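Topology and contacts: notes
Below are the chains, spelled out letter by letter.
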Amino acid sequence: MKRQIVLVGGGHTHLQIVEAFGRRPLDGWHVLLVSSERTTAYSGMAPGVIAGHYHPDELEIDLEKLCAVHAIPFRRGRAIGIDRRARRVELEDGSVVPYDLLSLDVGSVPATARIRRACEHALPVKPIGTFLGRLEPALQARADHARVTIVGGGPAGVEIALALHHRLGARAALSLVAAGAILENHPPRLGNHFRELLERRRIALIENAAVDSVRSDAVCLTDGRSLASDLTLLATGAAPPAWLARTGLQLANGFLAVRPTLQSLSDPDIFAAGDCAEIAGYPRPKAGVFAVHAGRPLARNLRARAEGRPLLAWSPQKNYLALLATGAKHAVAVRGRFFVAGRWVWFLKNWIDRSWVRRFTP
Ligand SMILES: Cc1cc2nc3c(=O)[nH]c(=O)nc-3n(C[C@H](O)[C@H](O)[C@H](O)COP(=O)(O)OP(=O)(O)OC[C@H]3O[C@@H](n4cnc5c(N)ncnc54)[C@H](O)[C@@H]3O)c2cc1C
């Protein structure tokens with residue numbers, strides 16, 4: 001009887017695994033993709049959808065179709081647990097999926113734990129597809145001059161603030177709240193560049209301000225200040241999906257702790273990649289670029305484990321290229337200490353992003 005590799009989550013890494021095993025099937029093995037939604041949204045293009053440069057459909061990758069093309073079965077289902085003794089994944093609908101090798105690429109969720117009433121009154125930017133679907137009606141429901149607050153000063157928060165400004169112009173009063181300095185994981189010069197951009201667009205920037213709670217009409221800061229806000233968006237840092245803690249697998253900062261081979265520290269038959277995983281002792285920022293780069297090593301190591309060959313270690317690069325859209329068809333490219341801005345950067349970003357979606361769109 002054939003054995004089974006189960007891929008849970010249709011994230012950036014698993015798209016490549018479907019492609020790799022579709023092109024070169026593994027003798028004696030089935031591969032199955034289980035994901036909570038039939039489509040997966042490519043986050044790099046989300047600011048472009050908000051700004052009005054793309055239709056929301058343009059960033060969706062249809063997992064069911066992709067799998068069909070590669071003759072890999074697809075099952076829609078949300079994983080909520082792993083029974084490691086019985087070697088099966090437990091799904092939200094009560095069913096189970098048996099595995100011989102398991103790989104997880106289920107992404108992350110916005111870190112909201114410390115913000116009171118965020119679940120009730122704020123719109124988290126992840127999952128991207130759900131966010132974009134809810135943003136449009138939320139904007140339409142607000143009259144002109146809506147006060148919109150974006151919580152989170154990382155790349156996603158900054159890009160979303162600038163995209164909303166491009167889309168709404170003077171029809172909205174935008175504020176961006178950051179717990180520390182904006183873009184603090186990048187060189188300070190980049191932060192200054194974006195501060196100027198925000199100021200020119202009259203987007204109020206409140207740095208070093210932790211949010212205590214969100215109300216339907218305000219964002220309350222821990223220092224007692226409150227900002228009037230008709231619509232609050234949460235682009236706070238990445239947190240691990242809660243169910244990972246119940247798997248009994250070893251964690252690092254709440255994410256699945258893996259070896260450089262992408263195998264769980266607790267179980268060599270369970271692999272993880274993308275935002276949900278962290279190479280123990282070598283944390284990297286939660287960025288799609290690492291999930292993309294993990295594709296090849298994960299494909300190679302899943303194949304090696306299935307065939308009983310030695311696995312190879314992978315070390316994600318220290319410096320990586322980040323491309324940040326700034327509202328209009330203009331963007332900033334950052335790598336290490338250097339950055340460059342221009343319209344041509346947006347065209348480069350557009351080309352890279354569209355090529356990625358096209359690659360997985362049969
Ligand atoms: C607005 C915004 C813009 C961004 N722009 C960039 C950028 O330009 N460059 C960059 O490098 N990073 C960017 N990021 C970060 C990037 O989105 C993440 O790092 C990236 O999506 C992580 O990819 P992943 O493969 O780990 O998971 P994801 O892409 O999040 O995919 C996870 C998949 O798993 C599925 N899933 C989730 N839970 C379950 C479950 N329990 N069971 C089954 N399936 C499940 C989901 O439906 C989804 O298909 C941005 C983030 C945001 C919010």
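Look up: the structure comes first, before these words.
What comes next is a walk through the structure. (Residues numbered from 1 in each chain as written. Predicted model: local features only at pLDDT ≥ 70, side-chain atom pairs only at ≥ 80, totals over all residues. Heavy atoms only, no water.)

Moving on, we come to the overall build of the protein chain. Counting secondary structure elements, the protein chain contains ten helices and 26 strands. Relative to the globule expectation of 21 Å for 362 residues, the C-alpha radius of gyration of the protein chain, 21 Å, shows essentially globular dimensions. Expressed as lengths along the three principal axes of its C-alpha atoms, the size of the protein chain is roughly 65 × 40 × 35 Å. Within the span of the protein chain, comprising 362 residues, buried residues form 51% of the whole. In the protein chain, 66% of the contacts between residues at least 6 apart in sequence involve partners at least 24 apart. Per element, the accessible surface of the protein chain, about 16900 Å² overall, is 51% carbon and sulfur. (Helix = DSSP H or I, 4+ residues; strand = E, 2+ residues; numbered from the N terminus. Rg over C-alpha atoms; globule rule 2.2 N^0.38 Å. Buried < 20%, exposed > 50% of the residue type's maximum accessible area, 1.4 Å probe, protein only. Contact = heavy atoms within 4.5 Å. Areas by Shrake-Rupley, 256 points an atom, 1.4 Å probe, with all protein chains shown as cover.)

Here the focus is the packing of aromatic side chains. Summed over all chains, the structure comprises five aromatic pairs. Three or more aromatic residues link up through ring pairs in this structure, and these residues are Y42, W356 and F360. The ring of Y282 carries the charged tip of R284 above its face, separated from the ring centre by 5.5 Å. (Phe/Tyr/Trp six-rings, centres within 6.5 Å; stacked < 30°, edge-to-face > 60°. Lys NZ or Arg CZ within 6 Å of the ring centre and 35° of its normal.)

In the vicinity of the ligand lie 30 residues, with H12, S43, D105, D275 and G288 positioned nearest. Here an oxygen atom of the ligand and a side-chain polar atom of T40 are 3.0 Å apart. In the model, a nitrogen atom of the ligand is placed 2.9 Å from a nitrogen or oxygen of the A79 main chain. The set of elements that each furnish at least two residues to the shell around the ligand consists of α6 (155–168) and α8 (288–293). Top element by residues in the shell around the ligand is α8. It accounts for three residues. Broken down by class, the residue content of the shell around the ligand amounts to eleven nonpolar, 13 polar and six charged. Residue assignment places the shell around the ligand across two domains, with domain 1 (3–36 + 77–108 + 240–307) and domain 2 (111–238) each supplying three or more. (Near = heavy atom within 4 Å. Polar contact = N/O pair within 3.5 Å; in protein donor to acceptor, adjacent residues only side chain to side chain. Nonpolar A, V, L, I, M, F, W, Y, C, P; charged D, E, K, R; others polar. Domains from an automatic or database assignment.)

With that out of the way, let us pick up the side chain of Q263. Mapped onto the fold, Q263 is located in the loop between β21 (255–258) and β22 (270–272). By relative accessible area, Q263 is classed as buried at 7%. Those residues within four positions of Q263 in sequence are excluded, and the remaining contacts are A257, V258, P268, I270, F271, R305 and L311.

Let us look at the pairing of strand β2 (residues 29–35). Of all the seven residues making up β2, six are buried; the element is thus mostly covered by neighbouring parts of the structure. Taken together, the three bridges between β2 and strand β5 (residues 74–76) define a ladder with parallel strand orientation. Counted as the bridge partner of L33 is F74 from β5. (Pairing = 2+ DSSP bridges.)

What follows concerns the pattern of salt bridges. Overall, the coordinates contain 21 salt bridges when judged by the stated rule. Note that E19 and R23 form a salt bridge whose closest N and O atoms lie 3.6 Å from each other. Of this pair, E19 and R23 both sit in helix α1 (residues 12–23), four residues apart, which is roughly one turn of the helix. Across the pair D269 and R87 runs a salt bridge whose closest N-O atoms are separated by 2.7 Å. Of this pair, D269 sits in the loop between β21 and β22 while R87 sits in the loop between β6 (79–83) and β7 (88–91), and the two are 182 residues apart along the sequence. Beyond isolated ion pairs, a larger network of salt bridges with shared partners links E19, R23 and R359. (Salt bridge = Lys/Arg side-chain N within 4 Å of Asp/Glu carboxyl O.)

A separate point is α1. For α1, with twelve residues, the first-to-last C-alpha span of 17 Å sits near the 16 Å given by 1.5 Å per residue. Here α1 lies mainly inside the structure; nine of its twelve residues are buried. Looking only at α1, the buried set comprises H12, T13, H14, L15, Q16, I17, V18, E19 and F21. (Expected span 1.5 Å × (residues − 1).)

The next thing to look at is the environment of R38. Tracing the backbone through its elements, the reader meets R38 in the loop between β2 and β3 (39–41). A residue is classified by how much of its surface remains accessible, and R38, at 35% relative accessible area, is partly exposed. Not counting residues within four places of it along the chain, the set of residues in contact with R38 comprises I61, D62, L63, E64, F74 and R76. Within the local environment of R38, its side chain forms a polar contact with the side chain of D62, the two groups lying 2.8 Å apart.

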